[in-house]
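# Results of the structural survey
So you can see what is in the structure, the chains are spelled out below.
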Amino acid sequence: MGMRRYLADLLTILSSRCQLCPTARHLAVYLLDLFMDRYDVAVKQLCVISVACLLLASKFEEKEDKVPKLEQLNSFAYMCHLNLALTKKDLLKMELLLLESFNWNLCLPTPAHYIDYYLLASVSETDLHNGWPITSITKIRAFMEKYAHYFLKVSLQGCDDRFERVRATPSARSHNVD
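Just so it is clear, the model here is predicted, and its values are computed rather than measured.

On to the overall build of the protein, then. Tallying secondary structure elements over the protein gives seven helices and four strands in all. The N-to-C order of helical and strand elements in the protein reads α-α-β-α-α-α-α-β-β-α-β. Counting over 178 residues, the protein shows a buried share of 40%. When contacts within the protein are restricted to residue pairs at least 6 apart in sequence, long-range pairs at least 24 apart make up 77% of them. Carbon and sulfur atoms provide 58% of the accessible area of the protein, an area that totals close to 11,100 Å².

By size, the foremost hydrophobic cluster in this structure holds 40 residues, and its most contacted members are Leu31, Ile49 and Leu98. Elements that contribute at least two residues to this core include exactly α1 (4-17), α2 (22-38), β1 (39-41), α3 (43-61), α4 (70-79) and α5 (88-101). Per-element tally for this core: the top contributor is α3, with eleven residues. Not counting chain neighbours up to four residues away, the residues in contact with Leu98 comprise Phe35, Ile49, Ala52, Cys53 and Leu56. By size, the runner-up hydrophobic cluster in this structure holds five residues, among which are Ala112, Ile115, Leu119 and Leu152.

As a further point, take a nonpolar patch on the surface. On the surface, a cluster of nonpolar side chains totalling about 410 Å² of accessible area is made up of Phe143, Met144, Tyr147 and Phe151. With respect to the secondary-structure elements, Met144 resides in helix α7 (residues 137-168).

All right, on to the packing of α1 against α2 then. In contact at an axis separation of 9 Å, α1 and α2 are set at 150° when each is read in the N-to-C sense. The orientation of α1 relative to α2 falls into the category roughly antiparallel. The two elements α1 and α2 cross, and the hand of that crossing is right-handed. Residue-level contacts link Arg4, Leu7, Ala8, Leu11, Thr12, Ser15 and Ser16 of α1 to Arg25, Ala28, Val29, Leu32, Asp33 and Met36 of α2.

Calculation notes
Residues numbered from 1 in each chain as written. Predicted model: local features only at pLDDT ≥ 70, side-chain atom pairs only at ≥ 80, totals over all residues. Heavy atoms only, no water. Helix = DSSP H or I, 4+ residues; strand = E, 2+ residues; numbered from the N terminus. Buried < 20%, exposed > 50% of the residue type's maximum accessible area, 1.4 Å probe, protein only. Contact = heavy atoms within 4.5 Å. Areas by Shrake-Rupley, 256 points an atom, 1.4 Å probe, with all protein chains shown as cover. Core = buried A, V, L, I, M, F, W, Y, C linked by side-chain atoms within 4.5 Å. Patch = residues over 30% accessible without salt bridge, like charges linked within 9 Å, V, L, I, M, F, W, Y side chains within 5 Å. Salt bridge = Lys/Arg side-chain N within 4 Å of Asp/Glu carboxyl O. Axes fitted to C-alpha atoms, helices over the stretch in contact; angles between N-to-C directions. Parallel < 35°, antiparallel > 145°, perpendicular 65-115°, else oblique. Left-handed = near helix turned anticlockwise from the far one by under 90°.

Put into structure tokens, the structure is as follows:
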């Protein structure tokens, strides 16, 4: 599946342009990975499935007013040079297929769901740096947050190796998506 990185990048770009939170972005990529692992997907449907995953993830993770509208997604798809014009009917059909595939359960934790908790617990006032007390816990926390979010972004691409290993092994995929 050579297009996985392209699709993860596409979801990252679309979610950034729609100003979605990292948890929505990560959930969208995770949904896409899970779906593609279960089904053989026609190449022409991959972009539609990707956008539907992003839309479902944003509906699950964002407030209602932050969920991208169809016109907004189509304009961003055009800007990304995708030969894609989504219709409401096609998108709803794909969302329903995805929801049924996941038994209507989108409560699937990703690294983005835990990052704030771990950042909060990552540094304390009693920690030492090179054997010396930390002089500015605020600076250290800002530094940790900056790099934690960097690694969180990289983790979207890091799934490629896992995905390729899973795809190389025989799986129980039984449906084709056309």
